[in-house]
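So the chains spell out like this:
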Amino acid sequence: MKTESLRKHIAWLGKTDPIFKGNPVLYLGICLPFVIVPTMTLKTGVLLSALMFISTIIPVAVYSSIGFRLSREIRFIISTVISTALVSLFFYFTKTVFAEFYLIVGVYAMLFGVNGLTIYCEHKNEGKSVLENISFAFKACIGYSIIVCFVSFIREFLALKTIWGQPIDLFPVKLEGISFPFFGFIMLGFLSAFFRCAERQNRKRLLKKAEKLSQEREGKTDAE
C-alpha cells in the first residue's frame, strides 16, 4: 500500500512538468522579458498568458505534425510565420478593446511570434507524437501563466493599489518602485529559489520514504 502511494505521488510529480516541476520561466529563464517588463497589472498578465497560448499551441502542433518530412529549419520558419500571424490577428481584433494593454506591452507584443517558450516546446520533445507535444506545450503555457499572473497581481496590488483596475486601499503607501523592472528580477529570483527549495525538500522526503520501505522489506525478508 505504501509503495503504491509512493508511486502515485512520483507519477503526479511527473505530470506537473513543466507546470511546477521544471517550470520554463523559473528553471530555464525562458521568456524573462515578457514576465519582467510589461507585467504591470493583472489584466496585462492575463492577456500576456492568452498571447502565449495563442502563439505556442498551434505552432507546436504544426511543427510536430510535419514531422521529419521537412528539415528542422524549414519547420521552424513555418511555425514562426504561423505564430506571428496568430499574434497579429489577436492584436487586430482586440486593439480597440485593450488599447491600454498595447501601450504597456509595446514592442514585446510582436516578439511573441518568436518567443522562447514556443521554440523550447518544439525542440524539447522532438520525435514524439503530436498529442505529446501539444500536451507539453499546453502545460508549459500554464506554467508561464501562473508566474506571469502572480507577478502582475503583486505589482499591481503594491504599486498601484488596485486589482483588475479596482481600487484596493488596504494601506496608505504606494510602493511605486515595484513597478520598475528590477523588482521583476527580484521577484523571479525569490520564486525560483522557493520552487527549487520545495522540489529539493520533496525529493529528500521521497528518498527517505523509499529507504524506509526498502528497510521494511529487508526486515520482512530476514524474518522469513
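Since the model is a prediction, treat every value here as computed from it, not as a measurement.

What about the overall build of the protein chain?
In terms of helices and strands, the protein chain carries ten helices and two strands. If you list the helices and strands of the protein chain from N to C, you get α-α-α-α-α-α-α-α-α-β-β-α. Of all intrachain contacts in the protein chain linking residues separated by at least 6 positions in sequence, the fraction that spans at least 24 positions is 74%. Per element, the accessible surface of the protein chain, about 12800 Å² overall, is 68% carbon and sulfur.

Topic: helix α8 (residues 116-124)
Buried within α8 we find Leu117, Thr118, Tyr120, Cys121 and Glu122. On its buried side, α8 packs onto α2 (24-28), α4 (42-66), α5 (72-94) and α9 (130-160). Structurally, the start of α8 carries an N-cap: the backbone nitrogen of Leu117 is 3.0 Å from a side-chain oxygen of Asn115.

Thoughts on α5
Taking 1.5 Å of rise per residue, 23 residues should cover 33 Å, and α5 covers 33 Å from first to last C-alpha, within 8% of that figure. Residues of α5 that are buried include every one of Arg75, Ser79, Thr80, Ser83, Leu86, Val87, Phe90, Phe91 and Thr94, and no others. Residues of α5 that are buried in the fold lie against α4, α6 (99-105), α7 (108-111) and α8.

Points about a positive patch on the surface
Among the surface-exposed residues, Arg196, Arg200, Lys204 and Lys208 lie close enough to one another that they form a single positively charged patch. By the secondary structure assignment, Arg196 is in helix α10 (residues 181-223).

Remarks on the nonpolar core
Among the nonpolar cores identified, the biggest contains 41 residues, and Phe112, Leu117, Cys121, Tyr144, Ile147 and Leu188 are the most heavily contacted of them. Elements that contribute at least two residues to this core include exactly α2, α3 (32-36), α4, α5, α6, α8, α9 and α10. When residues in this core are grouped by element, the largest group, ten residues, is from α9. Ignoring anything within four residues of it in the chain, the contact list for Leu117 reads Pro24, Ile30, Cys31, Met52, Ala140, Cys141 and Tyr144.

Rules used in this analysis
Residues numbered from 1 in each chain as written. Predicted model: local features only at pLDDT ≥ 70, side-chain atom pairs only at ≥ 80, totals over all residues. Heavy atoms only, no water. Helix = DSSP H or I, 4+ residues; strand = E, 2+ residues; numbered from the N terminus. Contact = heavy atoms within 4.5 Å. Areas by Shrake-Rupley, 256 points an atom, 1.4 Å probe, with all protein chains shown as cover. Buried < 20%, exposed > 50% of the residue type's maximum accessible area, 1.4 Å probe, protein only. Polar contact = N/O pair within 3.5 Å; in protein donor to acceptor, adjacent residues only side chain to side chain. Expected span 1.5 Å × (residues − 1). Patch = residues over 30% accessible without salt bridge, like charges linked within 9 Å, V, L, I, M, F, W, Y side chains within 5 Å. Salt bridge = Lys/Arg side-chain N within 4 Å of Asp/Glu carboxyl O. Lys, Arg positive; Asp, Glu negative; His and termini not counted. Charge placed at Lys NZ, Arg CZ, Asp CG, Glu CD. Core = buried A, V, L, I, M, F, W, Y, C linked by side-chain atoms within 4.5 Å.

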